[in-house]
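# Structure at a glance
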Amino acid sequence: MQINPVKNISSVNGQQKPVKKDRSDYYKWVSKNQVNEALKMSKGREVEDGKYKTASALANIAGTIGTLASVLSLSGIQEKAQISVLTSQTEEQAINAVKKAADKTKKGVIGFAVSVGLLLAGSIINIVNSHKANKTANERGFLSQKDKQRIKGTENIYQATDIIYDSHVK
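Residues numbered from 1 in each chain as written. Predicted model: local features only at pLDDT ≥ 70, side-chain atom pairs only at ≥ 80, totals over all residues. Heavy atoms only, no water.

This part is about the overall build of the protein. Looking only at helices and strands, the protein features six helices and two strands. From first element to last, N terminus to C terminus, the protein shows the α and β order β-β-α-α-α-α-α-α. For the protein, the proportion of its 170 residues judged to be buried stands at 24%. For the protein, long-range pairs separated by at least 24 residues make up 78% of all intrachain contacts whose partners lie at least 6 apart in sequence. When the accessible surface of the protein is split by element, carbon and sulfur atoms take 60% of a total near 12,800 Å². (Helix = DSSP H or I, 4+ residues; strand = E, 2+ residues; numbered from the N terminus. Buried < 20%, exposed > 50% of the residue type's maximum accessible area, 1.4 Å probe, protein only. Contact = heavy atoms within 4.5 Å. Areas by Shrake-Rupley, 256 points an atom, 1.4 Å probe, with all protein chains shown as cover.)

Relative to the helices and strands, Asn36 is located in helix H1 (residues 23-42). Classification of Asn36 by relative accessible area gives buried; the value is 7%. Other than its neighbours up to four places away in sequence, Asn36 contacts Phe142, Thr161, Ile164 and Tyr165.

Judged by side-chain polarity, Val71, Phe112 and Val116 come together as a nonpolar surface patch covering roughly 230 Å² of accessible area. With respect to the helices, strands and loops of the structure, Val116 is situated in helix H4 (residues 91-135). (Patch = residues over 30% accessible without salt bridge, like charges linked within 9 Å, V, L, I, M, F, W, Y side chains within 5 Å. Salt bridge = Lys/Arg side-chain N within 4 Å of Asp/Glu carboxyl O.)

Right, let's get into the packing of helix H3 (residues 77-87) against H4. Axis separation between H3 and H4 bottoms out at 8 Å; the angle between their running directions is 170°. Taken as axis vectors, H3 and H4 run roughly antiparallel relative to one another. Where H3 abuts H4, its residues Ile77, Ala81, Ser84 and Val85 lie against Ala94, Ala97, Val98, Ala101, Lys104 and Thr105. In the contact of H3 with H4, the residues fall into seven nonpolar, two polar and one charged. (Axes fitted to C-alpha atoms, helices over the stretch in contact; angles between N-to-C directions. Parallel < 35°, antiparallel > 145°, perpendicular 65-115°, else oblique. Nonpolar A, V, L, I, M, F, W, Y, C, P; charged D, E, K, R; others polar.)

Here the protein averages 81 in pLDDT, while 87% of its residues score no lower than 70. Least confident of the elements in the protein is strand E1 (residues 11-12), whose mean pLDDT is 49; most confident is helix H2 (residues 46-75), at 93. (pLDDT = per-residue confidence, 0-100.)

This next bit is on the pattern of salt bridges. Two side chains with opposite charge may pair up if their charged atoms get near one another. Following the criterion strictly, the structure yields six salt bridges and no others. Between Glu37 and Lys40 there is a salt bridge; the shortest N-O distance is 3.3 Å. Taken together, the positions of Glu37 and Lys40, both in helix H1 and three residues apart, correspond to about one turn of that helix. We classify Glu37 as partly exposed; its relative accessible area is 23%. Close ionic contact of Arg45 with Glu48 constitutes a salt bridge, the shortest N to O distance being 3.7 Å. The class of Arg45 is buried, set by a relative accessible area of 7%. One network of salt bridges, in which partners are shared, links Arg45, Glu48, Asp49, Lys53 and Lys132.

A word on the nonpolar core. Formed by Leu39, Ala137, Phe142, Leu143, Ala160 and Ile164, the largest nonpolar core amounts to six residues. What Ala160 contacts, discounting residues up to four positions off in sequence, is Leu143 and Ile151. (Core = buried A, V, L, I, M, F, W, Y, C linked by side-chain atoms within 4.5 Å.)

Structural data, given as structure tokens:
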């Protein structure tokens with residue numbers, strides 16, 4: 001009697017050989033996981049996610065521009081003040097030059113602090129958006145980080161990610 005081999009199972013002396021995974025499977029899973037995370041943030045909450053992402057982007061842009069402007073304004077104040085003091089004719093002119101430099105420095109530091117605050121606000125907005133998305137992830141058919149931690153073995157997590165990806169994308 002002839003026995004036909006079962007597809008996708010190779011065995012030698014009754015022992016099953018492990019299926020060799022290559023690196024492309026890992027990269028494919030990384031890509032699918034990124035898509036799942038993006039879908040988790042937006043699917044079923046597109047308008048809310050868009051508002052959060054717009055607010056975060058605007059805060060980050062304003063913070064970056066403000067930081068650069070503050071740094072540029074602070075960069076040459078000391079040298080200009082020293083030159084003004086050295087070239088001043090009277091003591092009163094020298095004191096005025098120092099006062100102007102101190103005022104510009106104060107404004108630059110305040111601007112820098114506000115800019116850093118805007119960058120921080122952009123990060124906080126992203127965290128709040130992510131928290132709200134994770135809060136309702138299971139209701140919308142996605143795995144939360146707690147769910148992923150409960151799954152034993154990376155292969156099982158890959159399979160769960162594939163199932164979720166296929167259900168939302170295809």
